[in-house]
Amino acid sequence: MFKSFQNGILAGLSQWRMALTVYLFQLLLAITLGVQVYHVLEASIGNSLELNKLLGNYDHTVIRDLLNVHGASISPLLGQFRWLALAYLIFSVFIHAGILHAVINQEKNWLAFWKGGATWFFRFFKLGAFYLLLLAVISAAIWLPFLGFFATSPEYLSSEKISVWLLILMIVFYLFLLIFLFSWSLMARIKIIREGVTNWTAIRQGLFWLTRHCFSTTGLVALFFLVHVLIFFIYWEINDTGVVSLGWILFFMLLQQLVAYFRVMVRVMTFAGVSHHFAPNTDAPEP
């Protein structure tokens, strides 16, 4: 597991050009939404001093006044979010296909990303729909009965602490299932790219392999997830200085984009590490 973790880090660093391509692609998608939000806010409360209250922390009164006074201009924007979320899911399939193709074939140029996304998009889209449906079924099967019990648990439990601990245990268990499901889907996609098998064959063989290497694979994915958390924690600590000036604003804007880029690189590292763990004799980064 740790060998694959190290290999994933080295492979991700060697794929910095492809990670930069993915970052720029995602940035263009985010700008399309950001420009709309900026124009709506600028036309509604752009000149209001109430916005200064949001600099320090969340202020529910300001948000409520914004929705009450300028709700007519914001409602269409909120209505677009569901379509943007659907569009992001589609683009994420293309992004993951491009990253996996470049990582598995050890191609370190931006053309490999576009080639991989175009080659495997439709197969990965159908695969993603299957796992998304499976996630919805599993989530409903876990949380609907538990929330029903949790709502009535004070009548049967002697202390509220027991309810809290039960909720924590359920969240931990659910996170493990999410990591398992993500690892399973990643195994299936790696199988498709390497061997060209059908989707159902990749799903079946990926699950069979993962059940035999469950803890090492999920542990590997959890390690890369902790890297994500560490990056976010460092950014949060730096951002929580309370200093507001033009220089600091520009610095934090640059820092925010660097964090977004490193998150993309960690995603590349995750795919490379799991791919190496799946077949240790392949996908080793070149010196």
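Residues numbered from 1 in each chain as written. Predicted model: local features only at pLDDT ≥ 70, side-chain atom pairs only at ≥ 80, totals over all residues. Heavy atoms only, no water.

What about the overall build of the chain?
Okay, so step 1: Per the secondary structure count, the chain includes 9 helices and 0 strands.
Okay, so step 2: When its helices and strands are written in sequence order, the chain yields α-α-α-α-α-α-α-α-α.
Okay, so step 3: Residue burial in the chain is summarised as follows: out of 287 residues, 37% are buried.
Okay, so step 4: For the chain, the share of sequence-separated contacts (at least 6 apart) that also reach a separation of at least 24 residues comes to 77%.
Okay, so step 5: Total accessible area on the chain stands at roughly 17,300 Å², and carbon and sulfur atoms take up 72% of it. (Helix = DSSP H or I, 4+ residues; strand = E, 2+ residues; numbered from the N terminus. Buried < 20%, exposed > 50% of the residue type's maximum accessible area, 1.4 Å probe, protein only. Contact = heavy atoms within 4.5 Å. Areas by Shrake-Rupley, 256 points an atom, 1.4 Å probe, with all protein chains shown as cover.)

As for the nonpolar core
Okay, so step 1: Ranked by internal contacts, the top residues of the largest apolar core, which has 50 residues, are M18, I99, L100, F113 and F124.
Okay, so step 2: Residue assignment for this core shows that the elements contributing at least two residues are α1 (2-14), α2 (16-44), α4 (60-104), α5 (110-152), α6 (160-195), α7 (199-212), α8 (214-239) and α9 (246-278).
Okay, so step 3: Excluding its chain neighbours within four sequence positions, the residues that come into contact with I99 are M18, V22, F113, R267, V268 and F271.
Okay, so step 4: Counting residues in hydrophobic clusters, the runner-up holds 6 residues, among them I231, F252, L255 and V266. (Core = buried A, V, L, I, M, F, W, Y, C linked by side-chain atoms within 4.5 Å.)

Thoughts on the side chain of R189
Okay, so step 1: Take R189: it is sitting in helix α6.
Okay, so step 2: Residue R189 is classed as buried on the basis of its relative accessible area, which comes to 10%.
Okay, so step 3: What R189 contacts, discounting residues up to four positions off in sequence, is H96, L100, F124, L127 and F182.

Section: the pattern of salt bridges
Okay, so step 1: Applying the stated rule across the entire model yields 1 salt bridge.
Okay, so step 2: A salt bridge links K191 to E195; the shortest N-O distance between them is 3.0 Å. Within this pair, K191 and its partner E195 are both found in helix α6, separated by 4 residues, close to a single helical turn.
Okay, so step 3: Given a relative accessible area of 47%, E195 falls into the partly exposed group. (Salt bridge = Lys/Arg side-chain N within 4 Å of Asp/Glu carboxyl O.)

Points about the layout of surface pockets
Okay, so step 1: One number sums up the size of the largest pocket: a volume of about 1,900 Å³.
Okay, so step 2: Lining the largest pocket are 48 residues; nearest its centre among them are Y88, L89, S92, H96 and R267.
Okay, so step 3: Per-element accounting of the lining of the largest pocket gives the leading share, 10 residues, to α4.
Okay, so step 4: Here the residues of the lining of the largest pocket are counted per class, giving 34 nonpolar, 11 polar and 3 charged. (1 Å grid on protein atoms, 1.4 Å probe; cavity = no way out; pocket = protein on both sides within 12 Å on 5 of 7 lines; lining within 4 Å. Points joined across faces, edges and corners; volume = space filled by probe spheres on them. Nonpolar A, V, L, I, M, F, W, Y, C, P; charged D, E, K, R; others polar.)

Focus on the packing of aromatic side chains
Two measures describe an aromatic ring pair: the distance that separates the ring centres and the angle between the ring planes.
Okay, so step 1: Evaluation of the coordinates by the stated rule reveals 19 aromatic pairs.
Okay, so step 2: For the pair F121 and F122, a centre-to-centre distance of 5.2 Å together with 80° between the ring planes defines the contact as edge-to-face.
Okay, so step 3: Given the relative accessible area of 61%, F122 is considered exposed.
Okay, so step 4: Here the aromatic residues F25, F91, F94, F113 and W114 are joined through ring pairs into a cluster of three or more. (Phe/Tyr/Trp six-rings, centres within 6.5 Å; stacked < 30°, edge-to-face > 60°.)

Observations regarding the environment of L167
Okay, so step 1: Of note, L167 is situated in helix α6.
Okay, so step 2: C-alpha separation for the pair L167 and F146, spaced 21 residues apart in sequence, amounts to 8.8 Å.

As for α7
Okay, so step 1: Its 14 residues place the ends of α7 20 Å apart at the C-alpha level, agreeing with the 20 Å of an ideal helix rising 1.5 Å per residue.
Okay, so step 2: Three or more residues of α7 are buried, namely N199, T201, A202, I203, G206, W209 and L210. (Expected span 1.5 Å × (residues − 1).)

A look at the environment of M1
Okay, so step 1: Relative to the elements of secondary structure, M1 occurs in the segment before α1.
Okay, so step 2: For the pair M1 and S216, spaced 215 residues apart in sequence, the C-alpha separation works out to 5.8 Å.
Okay, so step 3: Filtering out sequence-adjacent residues up to four positions away, M1 remains in contact with S216, G219, L220, L223 and H277.

Considerations on a nonpolar patch on the surface
Okay, so step 1: Nonpolar side chains collect at one region of the surface, where W83, L86, Y88, L89, I90, F125 and L132 lie side by side and expose about 700 Å² of accessible area between them.
Okay, so step 2: Every element with two or more residues in the nonpolar patch is listed here: α4 and α5.
Okay, so step 3: Ranked by residue count, the leading element in the nonpolar patch is α4, at 5 residues.
Okay, so step 4: Within the fold, W83 resides in helix α4. (Patch = residues over 30% accessible without salt bridge, like charges linked within 9 Å, V, L, I, M, F, W, Y side chains within 5 Å.)

Focus: the environment of F278
Okay, so step 1: Counting through the fold element by element, F278 comes out in helix α9.
Okay, so step 2: With 65 residues separating them along the chain, F278 and H213 place their C-alpha atoms 9.2 Å apart.
Okay, so step 3: In this view, F278 contacts M187, I190, K191, R194 and W209; residues no more than four positions away in its chain are not counted.

As for α1
Okay, so step 1: The end-to-end C-alpha separation of α1 is 18 Å, in line with the 18 Å expected for 13 residues at 1.5 Å each.
Okay, so step 2: Listed in full, the buried residues belonging to α1 are S4, F5, N7, G8, A11, G12 and S14.

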